[in-house]
Structures are given as C-alpha cells and as structure tokens.
Amino acid sequence: PKKTMENLRITENIQNNLLTATKWLKFMTILSTVGVALFFIIGIVLLFIPTYDGVPGALYGVIYMLLTLLYFYPIKKSFDLIKNTRDAMGNASQMGLEQAAANVKSILKYFGILSIVCLSIYALIFIICFIAIMAGAMADVIV
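What this report covers is the structure whose coordinates are included nearby.

About the criteria used
Residues numbered from 1 in each chain as written. Predicted model: local features only at pLDDT ≥ 70, side-chain atom pairs only at ≥ 80, totals over all residues. Heavy atoms only, no water. Salt bridge = Lys/Arg side-chain N within 4 Å of Asp/Glu carboxyl O. Helix = DSSP H or I, 4+ residues; strand = E, 2+ residues; numbered from the N terminus. Phe/Tyr/Trp six-rings, centres within 6.5 Å; stacked < 30°, edge-to-face > 60°. Buried < 20%, exposed > 50% of the residue type's maximum accessible area, 1.4 Å probe, protein only. Axes fitted to C-alpha atoms, helices over the stretch in contact; angles between N-to-C directions. Parallel < 35°, antiparallel > 145°, perpendicular 65-115°, else oblique. Left-handed = near helix turned anticlockwise from the far one by under 90°. Nonpolar A, V, L, I, M, F, W, Y, C, P; charged D, E, K, R; others polar.

### Some points on the pattern of salt bridges
Step number 1: Within this structure, the stated rule accounts for 1 salt bridge.
Step number 2: Of the charged contacts, one joins Asp80 and Lys76 as a salt bridge, the two residues approaching to 2.8 Å between their closest N and O atoms. Pair noted here: Asp80 and Lys76 are both in helix α2 (residues 57-91), with a separation of 4 residues, about one helical turn.

Shown next, in the form of structure tokens:
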C-alpha cells in the first residue's frame, strides 16, 4: 500500500537547508563548468600536437573533447536543479519542487549509469590483463 504524503510540509529549516545546498551546488557547478571548459581547450590544443609518446595528439584531443561531453548533461541538470529549487522555495511552487526532485533523480541516475559503465570497463580490463598474464605464463611453461 502506498502512503500518502499529504502530512509532509516544508518547514523553514528544510527551506533554509535546501537554499544553502543550492548555493554550494552553484559553486560546485560553476567550478565544474570551468574545469570542463579547460579540459575542452586542452583537447583542442592536443589536436595540433603531431604525436605524444608515439600516439597522434589528435587522438588524445578527440578523447578529451568527448570526455567533456560526458559532463555537459549533469552540469545542465545541476543548473536546472538550482533554478527549480530556488523557484520552489521563493514562490512556494509545487511544480518547481517536483521539477527539482526530477533533476536530482536525473543527475543521480546519470552518474549511477556512468559508474556502472566505468566499473564494467575496469572489470573487462582486469579480465584481459589476467588472461594476458596467464597466457604469458603458459607460454613460458610450454617453451
């Protein structure tokens, strides 16, 4: 059975905590935006480096720029969350609060999926390294 939330209310303490959290979120989001912009600029610079450790610099540049795209969505959602939370607290907007909650869900879901993908890649790398080590050990035994 689903519980109704009619008895829940936003107290002044909750409102103050949410507004303080949005200030910190804005600070962190601005820092993230600056970091991603610098990362993108580094990617552009790397496009013009002929080689780096035998690998074309352009490859690193493209990788850097693609990595910046990974952070565009959560940064945008973070700015939306700030706006919606401030709107909800300032205007007692139920819709703003619902949108803010949806933004939180989107950000956390995005990073959850990204974490699963990264952990899967790490597991795959571990398995490949393990197989390579075992194949090398077996080659020594056979020879």
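Having put the structure on the table, let's press on.
### Some points on the packing of aromatic side chains
Centre-to-centre distance and the angle between the planes together describe a pair of aromatic rings.
Step number 1: Under the criterion given, the structure shown has 5 aromatic pairs.
Step number 2: Ring geometry for Tyr71 versus Phe111: centroids 6.2 Å apart, planes at 45°, classification tilted. Of this pair, Tyr71 sits in helix α2 while Phe111 sits in helix α3 (residues 94-142), and the two are 40 residues apart along the sequence.
Step number 3: Assessed through its relative accessible area of 31%, Phe111 is described here as partly exposed.
Step number 4: With 5.3 Å between their ring centres and 45° between their planes, Tyr73 and Tyr110 make a pair best called tilted.

### Details of the packing of helix α1 (residues 12-47) against α2
Step number 1: In contact at an axis separation of 8 Å, α1 and α2 are set at 160° when each is read in the N-to-C sense. In terms of orientation, α1 and α2 fall into the roughly antiparallel class. Between α1 and α2 lies a crossing whose hand is left-handed.
Step number 2: The residue inventory of the contact of α1 with α2, partitioned by class, reads 23 nonpolar, 11 polar and 3 charged.

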